[in-house]
Amino acid sequence: MAQQPAPPSLPVSDEVGRLYDRYTDLGSVTLGENLHFGYWDSPDSTTPLNEATDRLTDLMTDRLRIGPGSRVLDLGCGTGAPGNRIAQRTGADVTGISVSHKQVQLANALAASLNLRDQVRFERADAMDLPYADGSFDAIIALESIIHVPDRAQVLSHLARVLRPGGRLVLTDFFERAPIPDSGRPAVERYLREFMMTMIQAEDYPPLLRRAGLWFEELTDISEPTLRRTFIELSARITGSAPELAADYGDELVDQFNPGDLVDVTEFGHLLVVAVRPDA
């Protein structure tokens with residue numbers, strides 16, 4: 001199984017947490033409050049990035065098939081925008097987790113400002129060792145969070161355990177659509193290394209899910225309406241804010257990593273995965 005070809009070292013949860021403690025404000029400047037990729041119907045869509053990120057949240061939420069009273073785990077909750085949006089749209093009760101202290105603090109503050117504290121809560125917890133009882137959740141959403149774990153098999157097993165029978169998992173992940181050419185590999189590896197991420201092969205997912213005790217339902221390549229357009233938007237925002245970002249985060253990040261370098265690396269992809277825990 002050709003899993004996780006880059007970077008040379010695997011992420012460590014505490015280090016990922018410290019990364020997001022430092023770079024959450026950078027993400028807000030570039031990606032906006034959602035801290036994840038956008039979803040557009042076409043490359044020439046005029047939908048702004050903040051609306052496109054909401055659309056990806058909604059696209060994934062619709063696949064959860066949840067409603068009022070459903071218990072949802074938001075794995076890798078960011079600063080809380082997706083989890084709060086899920087609660088508002090569906091009436092579900094949402095528990096969001098992150099390894100970043102700062103993100104948990106900001107997410108709970110957002111829930112309070114929206115008067116959702118009785119419905120939404122955010123906690124610091126590690127996906128590699130979930131502190132929840134078996135069958136605690138009706139659904140789990142993982143928006144670009146499994147990219148930060150050192151062992152997808154272990155995390156999927158934990159997710160299967162905390163899902164009730166019949167519960168649904170919807171996640172996005174980075175994958176290698178085709179062998180990445182030498183011309184594009186330095187940009188991909190630099191991106192993965194700087195932000196402590198890994199990628200996978202799409203064909204690895206069905207057996208990974210099966211071994212975790214989950215039924216595979218959907219595997220969709222959403223690279224074209226998400227990844228490339230988001231990289232274009234990020235590149236423009238980073239370029240436009242370069243002096244301020246360099247002052248806050250250092251010239252090295254701004255000068256050595258530009259999301260625009262990844263726009264033409266079409267072999268680097270974005271995968272939507274849907275799975276179900278079988279009924280007992």
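*Asks:* Residues and numbers for the side chain of asparagine 108, please.
*Replies:* Note on placement: asparagine 108 falls in helix α4 (residues 101-113). Asparagine 108 sits in the buried class, given a relative accessible area of 15%. A polar side-chain atom of asparagine 108 sits 2.9 Å from the main-chain carbonyl oxygen of phenylalanine 122. With residues near it in sequence (within four places) discarded, asparagine 108 still touches Arg117, Arg121 and Phe122.

*Asks:* Now, about the pairing of strand β4 (residues 137-142): what can you tell me, with residues and values included?
*Replies:* Every regular strand shows the same layout, with side chains that alternate between the two sheet faces. Counting buried positions over the six residues of β4 gives six, a clear majority of the element. Note: strand β1 (residues 71-75) against β4, three bridges, orientation parallel. The residue of β4 that forms the bridge with leucine 73 is isoleucine 140. Sheet analysis places β4 next to strand β5 (residues 163-176), joined by five bridges and oriented parallel. Bridging from a neighbouring strand, isoleucine 140 pairs with leucine 169 of β5.

*Asks:* Kindly report on helix α3 (residues 81-90), identifying the contributing residues and their values.
*Replies:* Within α3, seven of the ten residues are buried, leaving the element largely enclosed by the surrounding structure. What α3 keeps buried is the set Ala81, Pro82, Gly83, Asn84, Ile86, Ala87 and Thr90. At its buried positions, α3 is contacted by α2 (49-64), β1, β2 (93-98), α4, β3 (120-124) and β4. Looking one or two residues beyond α3, the residue adopting positive phi is glycine 91, at roughly 80°.

*Asks:* Any details on the pattern of salt bridges? Residues and values, ideally.
*Replies:* What the rule picks out here adds up to 20 salt bridges. One salt bridge connects arginine 161 with aspartate 134, and the closest N-O pair in it is separated by 2.9 Å. Here arginine 161, found in helix α5 (residues 152-162), pairs with aspartate 134, found in the loop between β3 and β4; they are 27 residues apart in sequence, far enough to count as distant. With a relative accessible area of 25%, arginine 161 lands in the partly exposed category. We classify aspartate 134 as exposed; its relative accessible area is 57%.

*Asks:* Break down helix α7 (residues 205-212) for me, citing the residues and quoting the values.
*Replies:* Buried within α7 we find Tyr205, Pro207, Leu208, Leu209 and Ala212. Taken from the residues just after α7, glycine 213 is the one with a positive phi, measuring 90°.

*Asks:* Could you give me a rundown of the confidence of the model for the protein, with the residues and numbers involved?
*Replies:* Do not read the fine detail of predicted coordinates wherever pLDDT is low. For the protein, per-residue confidence averages 87 on the pLDDT scale, and residues scoring 70 or more make up 85% of the total. Scored below 50 in pLDDT, residues 1-8 shows 28 contacts in the model against residues more than four places distant or in partner chains.

*Asks:* Quick rundown of the packing of α5 against α7? Include the residues and the values.
*Replies:* Across the interface, α5 lies against α7 with an axial gap of 8 Å and an inter-helix angle of 45°. Judged by the inter-axis angle, α5 sits oblique to α7. For the pair α5 and α7, the sense of crossing is right-handed. Facing Arg152, Ala153, Leu156, Ser157 and Ala160 of α5, the residues of α7 in contact are Tyr205, Leu208, Leu209 and Ala212. A breakdown of the residues in the contact of α5 with α7 according to their chemical character gives seven nonpolar, one polar and one charged.

Thresholds applied
Residues numbered from 1 in each chain as written. Predicted model: local features only at pLDDT ≥ 70, side-chain atom pairs only at ≥ 80, totals over all residues. Heavy atoms only, no water. Helix = DSSP H or I, 4+ residues; strand = E, 2+ residues; numbered from the N terminus. Buried < 20%, exposed > 50% of the residue type's maximum accessible area, 1.4 Å probe, protein only. Polar contact = N/O pair within 3.5 Å; in protein donor to acceptor, adjacent residues only side chain to side chain. Contact = heavy atoms within 4.5 Å. Pairing = 2+ DSSP bridges. Salt bridge = Lys/Arg side-chain N within 4 Å of Asp/Glu carboxyl O. pLDDT = per-residue confidence, 0-100. Axes fitted to C-alpha atoms, helices over the stretch in contact; angles between N-to-C directions. Parallel < 35°, antiparallel > 145°, perpendicular 65-115°, else oblique. Left-handed = near helix turned anticlockwise from the far one by under 90°. Nonpolar A, V, L, I, M, F, W, Y, C, P; charged D, E, K, R; others polar.

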